[in-house]
Structures are given as C-alpha cells and as structure tokens.
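# Observations on chain architecture
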Amino acid sequence: MHVLFVTSNRLGDAVLSTGLLDHLIRAHPNARITVACGPVAEGVFSRMPNRERTIVLDKHPYRLHWLPLWSATVTTFWDLVVDIRGSTIAWMLPTRRRAIMRRRSGHKIEQLAAVLSLDPAPLPVAWTAAEDRVRASALLPAGRPLVGLGPTANWAPKVWPPERFAALFQALEQGPLRGAIPVVFAGPGTTERAMAAPLQAALPDAIDLVGQLTIPEVAACLARCALFVGNDSGLMHLSAAAGTPTLGLFGPTPSGEYAPAGVNAEAVVSATELMQDLSVEAALVSALRLVSRVEAI
C-alpha cells in the first residue's frame, strides 16, 4: 500500500497530525508512506515507522511550491492520498482514495480525525530511536525530577513572562517536585536563544537545551521530564505527544482548538487573553493537578 501524506509547514500542526499517521501504520502495517512537509517539521517524521520518503516543501510565491511536489508524486499510483493542508494536490494525483481536510470546529485532533472518519480522535505520538534516547540519557541526570520549561513562541503575545516561569518552577521545586532540576527547551536560531535568555538568567542552574537537538532528541529528553510547562507552541505539542505531563499556557490563541493533546495534558488560560494576566497561582494549580495524576498511577 502506497500512501502520500501531505502535512503542515508548522511544527505544532505537524505533531498533531502524527495521530493520523500512527492510525494508518497500525491499520496497514505493510504500508509505504511518503510524507510531504515543511522544513521545520521534517524531523517530526524522521523516525516514523514505514516512512519510505520525506519530501520537504520550501514555500515559494504564488504557491509554486506545489509544482515540485506534483512532479515528484504524479508518476506513482497511490492507494491513498491524505492532505491535511486542504490543497488541490490530492485532486491532481492518481489515487484510489483521497482524504482532504476541511475546516471544522473543535479541537485540531478532532478536525484531523474527521479526515479519515475516526472516532475517537487518535492522540499524537512522538517517534524516537535508541540513539535519541541514549543522547537524552547523556544530557539529563537521573535520580532527580526534571521540569521542562518552554519559554518561547512564534508570536510575542503568546509568551508568558519569564519571571513567572521561574516563580512557577521554584514553587514546584519547593513542593511536590522537591529537588527538581529545570531544563530549558527552545528551537534553533538567535531569536529563540534571545527569548529563552531571561529565564536562563533567572534560573542559572537550568540545563540548557536551547537549539542544540534534533526533534527526535528533543522528544526523548521531554519523555524523561516529570512535567513540562510551556507557551502555546510546537514544543508544547511535542511534549504532550511524548507522553510527558504537559501544561500549555494560553492567552490570545484558542485553547479549545490547540490545547496540548496527550494522556496527561491540559491548558491554563488567561481570563483576559493577555499572557501577563495569567497568574503563577493559576498555573500552579494546574501543574499540581498534573503531577498528582502521575503520582496516583
């Protein structure tokens, strides 16, 4: 079975789409899957089972980026083309079946599930390999709880003040996660490094993982954390997909659509849509609830 899966340019949406891919792999264990995605999202799929190929789409003006994808895929007769971008590419390729995303209400994973008529919606997954887990073991100490912190986002209004991240960590370290070590995660590049710098200054003993790792290595590190707290971002979605207790911090973006989706994940939302109006106390209540659920298992 040959499957073409056209997914997002953005990291978060790409992570959320992994639930559909996981379903297809389980339903068709011999399927050979080609993934088309943007360069930022490429690493999400690098460890995916049954992946035959990844086609990376660099955006071009006038949507000319679709032409190389068409050229690379039109000579294959596909058994299934899944397009969560809602583009016209699926109609331009020879295939037995097309599944094209249309805008709907509800959480993003429910919108994605409707593409294949799945109910309940499959949760996202984070694929890693043994070498990623070995790298994580080398970077992160054992024996003490680790609290992952994601202080960056792709839009400044989504960013919680860094001093509140620090205050939340200190409250957790003095409470149920006594002796915890903070681990600061962020993406590559000078912008992400600059956004993370104030939190690193406030928590000088934090482990610095800003921009140093591949996406599978980040997922392996997140999986070792007792808790992750982060702004609405692709990193937040990756944490939830890795199975880490994940608290997403929301202000101007819709938590009903983009709250972290995982076995132990939730969102805390500013009442005013301004991140500066989201209190440490409100975030702490949610964080404590997530930690207590894990302890109860």
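Structural data are supplied above this passage.
Here is a short report on the structure shown in this document. (Residues numbered from 1 in each chain as written. Predicted model: local features only at pLDDT ≥ 70, side-chain atom pairs only at ≥ 80, totals over all residues. Heavy atoms only, no water.)

Summing up its helical and strand segments, the protein chain has 11 helices and 11 strands in all. Reported as C-alpha extents along the three principal axes, the dimensions of the protein chain are approximately 60 × 40 × 40 Å. Expressed as a percentage of its 297 residues, the buried residues of the protein chain come to 53%. On the protein chain, roughly 13,100 Å² of surface is accessible, and the fraction owed to carbon and sulfur atoms is 54%. (Helix = DSSP H or I, 4+ residues; strand = E, 2+ residues; numbered from the N terminus. Buried < 20%, exposed > 50% of the residue type's maximum accessible area, 1.4 Å probe, protein only. Areas by Shrake-Rupley, 256 points an atom, 1.4 Å probe, with all protein chains shown as cover.)

Another point: helix α9 (residues 234-241). Burial within α9 is extensive, with 8 of its 8 residues counted as buried. Taken together, the buried positions of α9 are occupied by G234, L235, M236, H237, L238, S239, A240 and A241.

Take the environment of A287 next. With respect to the helices and strands, the residue A287 is situated in helix α11 (residues 280-296). On the basis of relative accessibility, which here comes to 0%, the residue A287 falls in the buried class. For the pair A287 and V229, spaced 58 residues apart in the sequence, the C-alpha separation amounts to 8.0 Å.

Mapped onto the secondary structure, V291 falls in helix α11. Overall, V291 belongs to the buried group, its relative accessible area being 5%. With 114 residues separating them along the chain, V291 and L177 place their C-alpha atoms 8.5 Å apart. Among residues more than four places away in sequence, those in contact with V291 are P176, L177 and L227. (Contact = heavy atoms within 4.5 Å.)

Ranked by size, the top nonpolar core spans 54 residues in total, and within it I33, F45, V82 and F185 carry the most contacts. Examining the composition of this core, we find that 6 residues originate from one element, helix α8 (residues 215-222), more than from any other. Counting 29 residues, the second-largest nonpolar core is a separate cluster that includes W160, L199, L247 and V291. (Core = buried A, V, L, I, M, F, W, Y, C linked by side-chain atoms within 4.5 Å.)

This next bit is on the pairing of strand β1 (residues 2-6). Along β1, 4 of the 5 residues are buried, which leaves the element largely enclosed by surrounding structure. Relative to strand β2 (residues 32-37), β1 runs parallel, the two sharing 5 bridges. Across the sheet, the residue bridging to F5 is V35, located in β2. Relative to strand β4 (residues 80-83), β1 is paired through 4 bridges, and the arrangement is parallel. Looking across to β4, one finds that L4 is bridged to V81. (Pairing = 2+ DSSP bridges.)

All right, on to the pairing of β4 then. Of the two faces of β4, the one lined by L80 and V82 and the one lined by V81 and D83 are each fully buried. When β4 meets strand β5 (residues 98-100), the two strands line up parallel, connected through 3 bridges. Following the sheet pairing, V82 is matched in β5 by A99.

Applying the stated criterion to the full structure yields 2 aromatic pairs. A centroid spacing of 5.2 Å and a plane angle of 75 degrees characterise the contact between W160 and F165, whose relative ring orientation is edge-to-face. As far as the burial class goes, W160 and F165 line up, both buried. An angle of 65 degrees between the planes, with centres 6.3 Å apart, marks the rings of F185 and F228 as edge-to-face. Remark: F228 occurs in strand β9 (residues 227-231) and F185 occurs in strand β7 (residues 181-186); sequence separation between them is 43 residues. For the pair formed by F185 and F228, the shared burial category is buried. (Phe/Tyr/Trp six-rings, centres within 6.5 Å; stacked < 30°, edge-to-face > 60°.)

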